[in-house]
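A closer look at the structure
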Amino acid sequence: MKKFVAELIGTFMLVFVGTGAVVFGNGLGHLGIAFAFGLAIVVAAYSIGTVSGAHLNPAVSIAMFVNKRLSSKDLVNYILGQVVGAFIASGVVFFLLANSGMSTASLGENALANGVTVFGGFLFEVIATFLFVLVIMTVTSVSKGNGAIAGLVIGLSLMAMILVGLNITGLSVNPARSLAPAVLVGGASLQQVWIFILAPIAGGVLAALVAKNFLGTEE
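Not measured: the values here are computed from a predicted model.

Moving on to the overall build of the protein chain. For the protein chain, the count of helices and strands is 10 helices and 0 strands. Taken from N to C terminus, the helices and strands of the protein chain fall in the order α-α-α-α-α-α-α-α-α-α. Expected size for 219 residues packed as a compact globule is a radius of gyration near 17 Å; at 16 Å, the protein chain falls within 12% of this value. For the protein chain, the spread of C-alpha atoms along the principal axes amounts to about 55 × 40 × 30 Å.

Contact geometry for helix α4 (residues 58-66) and helix α6 (residues 118-139): axes closest at 10 Å, N-to-C directions at 55°. In this view, α4 runs oblique relative to α6, as classed from their interaxial angle. Of the two elements, α4 crosses α6, and the hand of that crossing is right-handed. Contacts from Ala59, Val60, Ala63 and Met64 in α4 reach Thr129, Val133, Ile136 and Met137 in α6. Residue composition of the contact of α4 with α6, by class: 7 nonpolar, 1 polar and no charged.

This part is about the UniProt feature "transmembrane region" (unreviewed entry) in the protein chain. This chain's UniProt record puts "transmembrane region" (unreviewed entry) on residues 5-25, 31-54, 75-98, 118-137, 149-173 and 193-215. Here residues 5-25 is 95% helix and 0% strand, with 28 Å between the C-alpha atoms at its ends. Taken end to end, residues 118-137 is 100% helix and 0% strand, and its first and last C-alpha atoms sit 28 Å apart.

Within this structure, the stated rule accounts for 2 aromatic pairs. For the pair Phe12 and Phe16, a centre-to-centre distance of 5.4 Å together with 10° between the ring planes defines the contact as stacked. Highlighted residues: Phe12 and Phe16, both in helix α1 (residues 2-24), separated by 4 residues, approximately one helical turn. In this structure Phe12 comes out as partly exposed when scored by relative accessible area, which is 24%.

Of all the positions in helix α8 (residues 175-185), only Pro175, Ala176, Arg177, Ser178, Ala180, Pro181 and Ala182 are classed as buried. For α8, the elements touching its buried residues are α1, α2 (29-45), α4, α5 (72-99), α9 (187-191) and α10 (195-213). The backbone nitrogen of Ala176 lies 3.1 Å from a side-chain oxygen of the residue at the head of α8, namely Asn174. The first or second residue beyond α8 is Gly186, which carries a positive phi of 75°.

For helix α7 (residues 150-165), which comprises 16 residues, the first-to-last C-alpha distance of 22 Å matches the rise-based estimate of 22 Å (1.5 Å per residue) to within 8%. Of the residues making up α7, those classed as buried are Ala150, Gly151, Ile154, Gly155, Ser157, Leu158, Met159, Met161, Ile162 and Gly165.

This part takes up the pattern of salt bridges. Throughout the structure, instances matching the rule amount to 2 salt bridges. Of the charged contacts, one joins Asp74 and Lys3 as a salt bridge, the two residues approaching to 3.6 Å between their closest N and O atoms. Here Lys3 lies in helix α1 and Asp74 lies in helix α5, a separation of 71 residues in the sequence. Among the residues examined, Lys3 registers a relative accessible area of 35% and is labelled partly exposed. Notably, a salt bridge pairs Arg69 with Glu218, separated by 2.8 Å at the nearest N-O pair. In this pair, Arg69 is assigned in the loop between α4 and α5 and Glu218 in the segment after α10, connecting sequence segments 149 residues apart. Take Arg69: its relative accessible area is 27%, and that puts it in the partly exposed class.

Here we come to the side chain of Asn110. Mapping Asn110 onto the fold places it in the loop between α5 and α6. A polar atom in the side chain of Asn110 sits 3.3 Å from the backbone oxygen of Thr169. Among the polar contacts made by the side chain of Asn110, one reaches the main-chain carbonyl oxygen of Gly170 at a distance of 3.3 Å.

Here is what the cut-offs are and how they apply
- Residues numbered from 1 in each chain as written.
- Predicted model: local features only at pLDDT ≥ 70, side-chain atom pairs only at ≥ 80, totals over all residues.
- Heavy atoms only, no water.
- Helix = DSSP H or I, 4+ residues; strand = E, 2+ residues; numbered from the N terminus.
- Rg over C-alpha atoms; globule rule 2.2 N^0.38 Å.
- Axes fitted to C-alpha atoms, helices over the stretch in contact; angles between N-to-C directions.
- Parallel < 35°, antiparallel > 145°, perpendicular 65-115°, else oblique.
- Left-handed = near helix turned anticlockwise from the far one by under 90°.
- Contact = heavy atoms within 4.5 Å.
- Nonpolar A, V, L, I, M, F, W, Y, C, P; charged D, E, K, R; others polar.
- UniProt positions renumbered as here; feature names shortened; annotations may be inferred.
- Phe/Tyr/Trp six-rings, centres within 6.5 Å; stacked < 30°, edge-to-face > 60°.
- Buried < 20%, exposed > 50% of the residue type's maximum accessible area, 1.4 Å probe, protein only.
- Polar contact = N/O pair within 3.5 Å; in protein donor to acceptor, adjacent residues only side chain to side chain.
- Expected span 1.5 Å × (residues − 1).
- Salt bridge = Lys/Arg side-chain N within 4 Å of Asp/Glu carboxyl O.

Below, the structure is given as structure tokens:
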């Protein structure tokens, strides 16, 4: 239960701060949005990370499960906590927008940018998630990693991916982060949400296998 609650709170923090910056942060620009998401990861890692490891992302939890760092029971609890936390965060953002008299047509959801094909968007999300999760698997490795700076490295990695991906897919690499706003907003983002669920999972599994078999993270 403690891990479920920790993942719920941490994912709430990530989605609330990140998507809140998108919809409320007038003039923040790409760097400001990337910093908001990255800082939320860092804060969560050094707080609730002491309880659950601060996965905050089903793709990360699945990668941890593939490499036997997470049991099947914990995997279910982690993903449930992440999804619930993301939905609560998106619901709060929706309420705050409505309460402020602002449009609720966008909640910082992910969608393919104009001109980006389904294949291109899917491939980008696989690659971005692969790189992001590979960083997580290596920096948190008992034999290869450095736990003291793990949260900072992971946050910076997410920032880098966002700076690359904002004009491609809005950068997901996280099924929970994409699912919640898509369900509440509907439209194109809901039609495309399968991309932001399947591609990050594929990228995360690939990262877990590469980390284990080629980088020796599980030795």
